[in-house]
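One letter stands for each residue in the lines below.
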Amino acid sequence: MRDTLSASPARTQVSLRHLTGPNQLDVSLIEKLLEVAAAFERADSDTAPLRGKLLATLFYEPSTRTRFSFEAAMYRLGGQVLSAQDAARASSAAKGESLEDTIRIISGYADAIVLRHPEPGAVDRAARVGQVPVISAGDGAGHHPTQSLLDLYTIKKELGRLDHLRVGLAGDLRYGRTARSLALLLSRFPGNELVMISPLQLRMGGDVIDQLQRERVVETDDFNAAIAGLDVLYQTRIQAERFASSDEYQRYRGVYVVTPDAMQRLPEHAILMHPLPRVGEIDPVVDADPRAAYFRQARNGLWTRMAVLQWAMER
């Protein structure tokens with residue numbers, strides 16, 4: 001006689017759609033997700049495809065745009081959210097529980113997990129033990145794949161294409177997970193040239209550079225000269241939380257600032273992007289320039305994360 005209280009068969013790892021880094025996103029999947037995101041923005045798709053589903057958002061680092069947009073996306077898709085916004089202190093991690101054990105437990109409560117963690121590779125570790133889809137919301141100085149998807153969505157929406165672009169990535173490229181992921185995704189499309197603008201000590205790491213076509217990459221510390229021929233300037237902040245000391249951070253803080261004078265060098269057709277938050281590297285006066293796309297960019301996170309959640313959870 002069958003035990004009516006027995007659990008349903010465990011969900012198998014093979015069938016799960018994790019998104020832990022940019023290398024899981026090929027051109028076909030990128031284009032599919034951006035198409036679905038556009039349909040959500042036009043409001044001409046199923047309004048509640050994830051009704052009855054539950055998303056757990058587990059954030060070991062602070063977040064505004066990523067956490068709110070993921071949670072808003074889930075609600076707009078008809079689902080619900082369990083949220084731990086300060087998981088390092090407000091979960092059993094404070095008692096010494098391992099990330100792996102936490103993920104195993106939450107897998108029993110939710111249909112997918114969105115994880116932000118300060119350690120590079122943490123989301124991959126979570127996916128190896130998770131019994132539901134695990135989606136990266138950023139892992140330290142590693143990667144931030146859904147940010148890069150919304151960045152691509154913004155570029156395509158603003159400029160009409162994702163190929164044959166000259167894109168400047170400026171600021172902290174050593175620790176900046178948003179720029180690291182975007183560089184890899186832009187390299188998927190033909191004819192793109194990446195201009196890496198940073199101090200020598202903050203240049204993009206070899207783990208990313210070695211995956212790019214060297215002839216399509218320019219590295220420079222000359223901000224003013226580099227921005228003159230760009231289609232996209234992707235400005236990033238110098239991240240205080242990634243430096244070993246405040247003195248080291250202060251050496252680079254304010255190294256590149258987008259001012260009205262800098263915007264005069266940027267071509268008229270170009271756009272200025274930033275993953276936000278900004279902490280002084282864009283003069284607020286620049287907000288009035290129609291080429292300043294960063295607040296539009298942030299809004300696009302809702303549509304792209306709706307697309308990612310539907311892809312991961314609707315089976």
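Our subject is the structure listed above.
Conventions and cut-offs
- Residues numbered from 1 in each chain as written.
- Predicted model: local features only at pLDDT ≥ 70, side-chain atom pairs only at ≥ 80, totals over all residues.
- Heavy atoms only, no water.
- Pairing = 2+ DSSP bridges.
- Helix = DSSP H or I, 4+ residues; strand = E, 2+ residues; numbered from the N terminus.
- Axes fitted to C-alpha atoms, helices over the stretch in contact; angles between N-to-C directions.
- Contact = heavy atoms within 4.5 Å.
- Buried < 20%, exposed > 50% of the residue type's maximum accessible area, 1.4 Å probe, protein only.
- Phe/Tyr/Trp six-rings, centres within 6.5 Å; stacked < 30°, edge-to-face > 60°.
- Lys NZ or Arg CZ within 6 Å of the ring centre and 35° of its normal.
- Polar contact = N/O pair within 3.5 Å; in protein donor to acceptor, adjacent residues only side chain to side chain.
- Patch = residues over 30% accessible without salt bridge, like charges linked within 9 Å, V, L, I, M, F, W, Y side chains within 5 Å.
- Areas by Shrake-Rupley, 256 points an atom, 1.4 Å probe, with all protein chains shown as cover.
- Salt bridge = Lys/Arg side-chain N within 4 Å of Asp/Glu carboxyl O.
- Right-handed = clockwise from strand over helix to strand, strands pointing away.

1. Here's the deal with the sheet that holds strand β4 (residues 134–139)
- In space, the 4 strands of this open sheet follow the order β2-β1-β3-β4, with parallel pairing throughout. Every other strand in the sheet has two partners, leaving β2 (80–84) and β4 as the edge strands with one partner each. Averaged over all pairs of adjacent strands, the angle between their axes in this sheet comes to 15 degrees, without regard to strand direction.
- Strand direction decides the pairing type here: strand β1 (residues 54–59) and β2, joined by 5 bridges, are parallel. Following the sheet pairing, Leu54 is matched in β2 by Gln80.
- Each of β1, β3 (112–117) and β4 touches helix α12 (residues 294–313); the most contacted strand, β4, lies at about 140 degrees to it.

2. Thoughts on unusual backbone geometry
- Across the junction of Leu276 and Pro277, the peptide omega takes the value 5 degrees, indicating a cis bond.
- Positionally, Pro277 belongs in the loop between β9 (271–273) and α12.
- Of note in this structure, His164 is not a glycine but carries a positive phi near 50 degrees.
- Within the secondary structure, His164 is located in the loop between α6 (145–159) and β5 (166–170).
- A residue is classified by how much of its surface remains accessible, and His164, at 51% relative accessible area, is exposed.
- Within the element layout of this structure, Leu276 appears in the loop between β9 and α12.

3. With respect to the packing of aromatic side chains
- Going through the model one piece at a time under the given rule, you end up with 2 aromatic pairs.
- Judged by centre distance (5.3 Å) and plane angle (15 degrees), the rings of Phe223 and Tyr256 are stacked. Here the residue Phe223 occupies a position in helix α9 (residues 223–226), and Tyr256 occupies one in the loop between α10 (246–252) and α11 (260–265), the gap between them amounting to 33 residues.
- The class for Phe223 is buried, based on a relative accessible area of 6%.
- On the basis of relative accessible area, Tyr256 is assigned to the buried category, the value being 8%.
- Aromatic pair Tyr294 and Phe295: ring centres 5.1 Å apart, planes at 65 degrees, arrangement edge-to-face.
- Classification of Phe295 as partly exposed rests on a relative accessible area of 40%.
- We note Arg67 situated over the ring of Phe68; from NZ or CZ to the ring centre the distance is 4.7 Å.

4. Focus on the side chain of Asn300
- Among the structural elements, Asn300 can be located in helix α12.
- Judged by relative accessible area, Asn300 falls into the buried class, the value being 3%.
- One polar contact links Asn300 to Thr154, side chain to side chain, over a distance of 2.9 Å.
- With residues up to four places along the chain from it excluded, the contact list for Asn300 reads Glu41, Leu150, Tyr153, Thr154 and Lys157.

5. Some thoughts on a nonpolar patch on the surface
- A contiguous nonpolar surface patch, about 310 Å² in accessible area, is contributed by Leu82, Ile105 and Tyr109.
- Assignment of secondary structure puts Leu82 in strand β2.

6. Brief notes about the environment of Tyr234
- Secondary-structure assignment places Tyr234 in strand β8 (residues 232–235).
- With a relative accessible area of 0%, Tyr234 lands in the buried category.
- Distance from Tyr234 to Val195, taken between C-alpha atoms, is 10.0 Å for residues 39 residues apart in sequence.
- Setting aside anything within four residues of it in sequence, one finds Tyr234 in contact with Gln147, Asp151, Gly168, Leu169, Ala170, Thr178, Ala179, Leu182, Met273, Pro275 and Gln297.
- A polar side-chain atom of Tyr234 sits 2.7 Å from a polar atom in the side chain of Asp151.

7. Quick word on the pattern of salt bridges
- This model, assessed by the stated rule, comprises 12 salt bridges.
- Here Arg166 ties to Glu193 by a salt bridge, and the two come within 2.8 Å at their closest N and O atoms. Taken together, the positions of Arg166 in strand β5 and Glu193 in strand β6 (residues 193–197) put the pair 27 residues apart, joining distant regions of the chain.
- It is possible to trace a salt-bridge network through shared partners that takes in Glu100, Glu119 and Arg125.

8. Regarding the pairing of β5
- Counting buried positions over the 5 residues of β5 gives 4, a clear majority of the element.
- Note: β5 against β6, 5 bridges, orientation parallel. Looking at β6, one finds that Leu169 is bridged to Met196.
- As for the winding sense of the linkage, the β-α-β connection from β5 through helix α7 (residues 177–186) to β6 is right-handed.
- The pairing of β5 with β8 spans 4 bridges and is parallel.

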